[in-house]
Amino acid sequence: MISDYRELRVWQDAMALAESIYAMTRQLPVDERFGLTAQLRRAVVSIASCIAEGNARSSTRDYLRFLSMSAGSLAEVETQTLLAERLGYVSSSDAAALLNAMHSLARQLQTLRKALSNKLATNSSLFPVPRSPL
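Residues numbered from 1 in each chain as written. Predicted model: local features only at pLDDT ≥ 70, side-chain atom pairs only at ≥ 80, totals over all residues. Heavy atoms only, no water.

(A) Structural view of the environment of Lys 119. Mapped onto the fold, Lys 119 is located in helix H5 (residues 92–123). For Lys 119, a relative accessible area of 43% corresponds to the partly exposed category. Residues Lys 119 and Thr 60, 59 residues apart in the sequence, show an inter-C-alpha distance of 8.2 Å. (Helix = DSSP H or I, 4+ residues; strand = E, 2+ residues; numbered from the N terminus. Buried < 20%, exposed > 50% of the residue type's maximum accessible area, 1.4 Å probe, protein only.)

Here is the structure:
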């Protein structure tokens, strides 16, 4: 169901991070419009999008794969935010606030991935059909 992922706190926090990154990128120099700004925006949109797409998939394995991509995009956003700070485009305090939100989101993603992995492990069987008791 479409509403399922909207109820996930991890998705809500990913959307809030996207809003914050969009606000931050408005401060970047115009000559970064096709560089750092575009990269940050693409990666941050991917985080929430992968959470939603994975949730809509019919298998736990697919969901885990999309959560893994979401975590990868989060790492991209973290790296690019650190670069923006190093280049002097973002203040240390603004970068720190964004990084704190990213670290919280990373923990949530890891918790969800672990829960789904555990579900997958307990539901998996070596045999695709029930074994005969004989």
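(B) Quick look at the pattern of salt bridges. Enumeration according to the criterion identifies 4 salt bridges in this entry. The shortest N-O distance in the salt bridge between Arg 42 and Glu 76 comes to 2.5 Å. With Arg 42 in helix H3 (residues 36–56) and Glu 76 in helix H4 (residues 60–86), the pair connects residues that are 34 residues apart, well separated along the chain. Assessed through its relative accessible area of 43%, Arg 42 is described here as partly exposed. (Salt bridge = Lys/Arg side-chain N within 4 Å of Asp/Glu carboxyl O.)

(C) Representation of the nonpolar core in the model. In this structure, Leu 17, Ile 21, Ile 47, Ile 51, Val 77 and Met 102 are the most contacted members of the largest nonpolar core, which totals 32 residues. At the level of elements, helix H2 (9–25), H3, H4 and H5 are the ones that each hand at least two residues to this core. (Core = buried A, V, L, I, M, F, W, Y, C linked by side-chain atoms within 4.5 Å.)

(D) How the structure looks around the side chain of Thr 60. Within the fold, Thr 60 resides in helix H4. Discounting residues that sit within four places of it in the chain, Thr 60 has contacts with Leu 116, Lys 119 and Leu 120. (Contact = heavy atoms within 4.5 Å.)

(E) Broad picture of the packing of aromatic side chains. This model, assessed by the stated rule, comprises 1 aromatic pair. Judged by centre distance (5.1 Å) and plane angle (70 degrees), the ring pair of Tyr 5 and Trp 11 falls under edge-to-face. Trp 11 carries the same exposure label as Tyr 5, and that label is buried. (Phe/Tyr/Trp six-rings, centres within 6.5 Å; stacked < 30°, edge-to-face > 60°.)

(F) Representation of the side chain of Ser 46 within the structure. Within the fold, Ser 46 resides in helix H3. Since its relative accessible area comes to 18%, Ser 46 is described here as buried. At 3.0 Å, the side chain of Ser 46 and the side chain of Ser 73 are in polar contact. (Polar contact = N/O pair within 3.5 Å; in protein donor to acceptor, adjacent residues only side chain to side chain.)

(G) Highlighting H3. A rise of 1.5 Å per residue sets the reference length of H3, with its 21 residues, at 30 Å; its end C-alpha atoms lie 30 Å apart and thus fit the reference within 8%. Along H3, the helix axis deviates most sharply at Ile 47, where the bend reaches about 25 degrees. (Expected span 1.5 Å × (residues − 1). Bend = angle between axes of the 7 residues up to and from the residue.)

(H) Structural detail: H5. End to end, H5 covers 46 Å across 32 residues, agreeing with the expected 46 Å (1.5 Å per residue, within 8%). Burial in H5 covers these residues: Ala 95, Leu 98, Leu 99, Met 102, Leu 105, Gln 108, Leu 109, Leu 112 and Leu 116. Tucked inside the fold, the buried residues of H5 contact H2, H3 and H4.

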